[in-house]
Amino acid sequence: MNSKKKIIIAIDGHSSTGKSTLAKQLAKALDYVYIDTGAMYRAVTYYALLHNLISNDHFDKKRLIKELDNIQINFKYNPDLGYAEVFLNDQNIEKEIRQMRVSNFVSQIATVPEIRKKLVLQQRQIGKNKGVVMDGRDIGSVVFPDAELKIFMTAAPEVRARRRYEELINKGEKVSYDEVLQNVVQRDQTDSTRATSPLIKTKDAIELDNSNLTLNEQFDKVLKLAKQKIADL
Ligand code: DC
């Protein structure tokens, strides 16, 4: 398809608002590439944990920055799943990066400007021919400020914590609802107040509060918006 006929869809918003679910649905319907940028920050966090560079009482930021060139993050499409899985130095880490251990440190990792710079460059490279749906926190504000369609997703913290809790329990993780709620609230705070690329709703983003929307309702709504943008090209 001619790249002129393709758009970039930027999906930003609070954690556990279902950004990736919506992004995957859109990518499938439009035959676009889906990129989960949170997975990239999680991959760096996983690396830092693996190499003992971060824990509850220390963070060796300098060493991690020095080692950034050793961190290769790639996405490989898995036809069985219908989306691309994330690889760290050729190891599939899709499962590992979803664990609470990684969630608890990822916001801290995402505050480091050198890390953001590396990942943003890679994200722009992936999206240079358009035809991508990218979800994250700074896609519409920093990565692709000219994205044709920007969605800002939000929902009440309790609704989001309940969804994430059920997801983790179904995966066999031993967590409490209160622990998950605390993590959701904590991440909102860190993501929105950090100095570099804080989570903001840009003026041209369309806010989608899905506290009371079904997955199908929100998908229909955004797909319609995307098709309109494509038709307007
Ligand atoms: O979407 P997620 O919960 O997997 O993201 C994990 C963390 O990474 C989240 O706390 C914020 C951070 N992040 C970011 O700062 N910028 C992005 N583009 C994507 C995620």
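Use the structure listed above.
Computed from a predicted model, the values in this text were never measured in an experiment. (Residues numbered from 1 in each chain as written. Predicted model: local features only at pLDDT ≥ 70, side-chain atom pairs only at ≥ 80, totals over all residues. Heavy atoms only, no water.)

Asker: It is not clear to me how the packing of aromatic side chains should be interpreted in this structure. Could you clarify?
Answerer: For any pair of aromatic rings, the description consists of the separation of the ring centres together with the inter-plane angle of the planes. Overall, the coordinates contain 1 aromatic pair when judged by the stated rule. Centroid distance tyrosine 165 to tyrosine 177: 6.2 Å. Interplanar angle 90°. Geometry classified as edge-to-face. Of this pair, tyrosine 165 sits in helix α7 (residues 157-170) while tyrosine 177 sits in helix α8 (residues 177-193), and the two are 12 residues apart along the sequence. Note on tyrosine 177: relative accessible area 18%, which makes it buried. When the ring centre of tyrosine 83 is taken as reference, the NZ or CZ atom of lysine 24 above it lies at 4.0 Å. Residue placement shows arginine 162 over the ring face of tyrosine 177; its charged tip is 4.4 Å from the ring centre. (Phe/Tyr/Trp six-rings, centres within 6.5 Å; stacked < 30°, edge-to-face > 60°. Helix = DSSP H or I, 4+ residues; strand = E, 2+ residues; numbered from the N terminus. Buried < 20%, exposed > 50% of the residue type's maximum accessible area, 1.4 Å probe, protein only. Lys NZ or Arg CZ within 6 Å of the ring centre and 35° of its normal.)

Asker: What is the right way to read the layout of surface pockets from this model?
Answerer: Over the atoms a probe the size of a water molecule is rolled, and this reveals where empty space is left. In this structure, the largest pocket spans a volume of roughly 1,100 Å³. If you go around the largest pocket, you meet 47 residues; those closest to its centre are Ser20, Asp36, Arg98, Arg164 and Glu167. At 5 residues, the largest contribution of residues to the lining of the largest pocket is made by helix α2 (residues 37-50). For the second largest pocket, the calculated volume is near 270 Å³. Every residue lining the second largest pocket is counted, 14 residues in all, and those nearest its centre are Lys24, Lys28, Tyr77, Gly82 and Tyr83. Secondary-structure elements contributing two or more residues to the lining of the second largest pocket are α1 (19-30), β2 (33-36), β3 (73-78) and β4 (83-88). In the lining of the second largest pocket, the residues fall into 10 nonpolar, 2 polar and 2 charged. (1 Å grid on protein atoms, 1.4 Å probe; cavity = no way out; pocket = protein on both sides within 12 Å on 5 of 7 lines; lining within 4 Å. Points joined across faces, edges and corners; volume = space filled by probe spheres on them. Nonpolar A, V, L, I, M, F, W, Y, C, P; charged D, E, K, R; others polar.)

Asker: What is the right way to look at the sheet that holds strand β7 (residues 149-154) in this model?
Answerer: Sheets are built from strands that pair by backbone hydrogen bonding, the pairs being arranged parallel or antiparallel. Read across the sheet, 5 strands follow the order β2-β6-β1-β7-β8 without closing on themselves; strand pairing throughout is parallel. The open sheet is flanked by β2 and β8 (206-209), the only strands paired with a single partner. On average, adjacent strands in this sheet sit at an angle of 20° to one another, irrespective of strand direction. Here 4 bridges tie β7 to β8, and the two strands are oriented parallel to one another. Looking at β8, one finds that isoleucine 151 is bridged to isoleucine 206. In the packing of α2 onto the sheet, contacts are made with β2 and β6 (132-136), and the angle to β2 comes to roughly 40°. Running over the sheet, helix α9 (residues 215-231) touches β1 (8-13), β7 and β8 and is turned about 165° from β7. (Pairing = 2+ DSSP bridges. Axes fitted to C-alpha atoms, helices over the stretch in contact; angles between N-to-C directions. Contact = heavy atoms within 4.5 Å.)

Asker: I keep staring at the site of the ligand and nothing clicks. Help me out?
Answerer: Around the ligand sit 14 residues in total, of which Arg42, Arg116, Asp138, Arg187 and Arg194 are the nearest. Measuring from an oxygen atom of the ligand, one finds a side-chain N or O atom of aspartate 191 at 3.4 Å. When the ligand sits alone it has 450 Å² of accessible area, and the protein chains cover 96% of it. Its atoms largely coinciding with the cavity grid, the ligand occupies the largest pocket. (Near = heavy atom within 4 Å. Polar contact = N/O pair within 3.5 Å; in protein donor to acceptor, adjacent residues only side chain to side chain. Areas by Shrake-Rupley, 256 points an atom, 1.4 Å probe, with all protein chains shown as cover. Sits in = over half its atoms within 2 Å of the grid points.)

Asker: I tried to follow the nonpolar core on my own but got confused; where do I start?
Answerer: Looking at soluble globular proteins, one finds that nonpolar side chains tend to be buried together. Counting 39 residues, the largest nonpolar core has Val44, Leu64, Ile71, Ile73 and Ile115 as the members making the most contacts within it. For this core, the secondary structure elements donating two or more residues are β1, α2, β3, β4, α4 (100-109), α5 (113-126), β6 and α6 (139-143). With 9 residues, the single largest contributor to this core is α2. With sequence-adjacent residues up to four places away left out, leucine 64 is seen in contact with Val44, Tyr47, Ala48, Leu53, Phe59, Ile71, Ile109 and Ile115. Formed by 21 residues, the second largest nonpolar core is a distinct cluster that contains Ile9, Met153, Val222 and Ala226. (Core = buried A, V, L, I, M, F, W, Y, C linked by side-chain atoms within 4.5 Å.)

Asker: Would you mind showing me how to read unusual backbone geometry here?
Answerer: Excluding glycine, most residues fall at negative phi; most peptide bonds, likewise, are trans. Here the phi dihedral of serine 16 falls at roughly 55°; this positive angle occurs in a residue that is not glycine. Given the relative accessible area of 11%, serine 16 is considered buried. Look at asparagine 52: it is not a glycine, yet its phi comes out positive at around 55°. Topologically, asparagine 52 is positioned in the loop between α2 and α3 (61-66).

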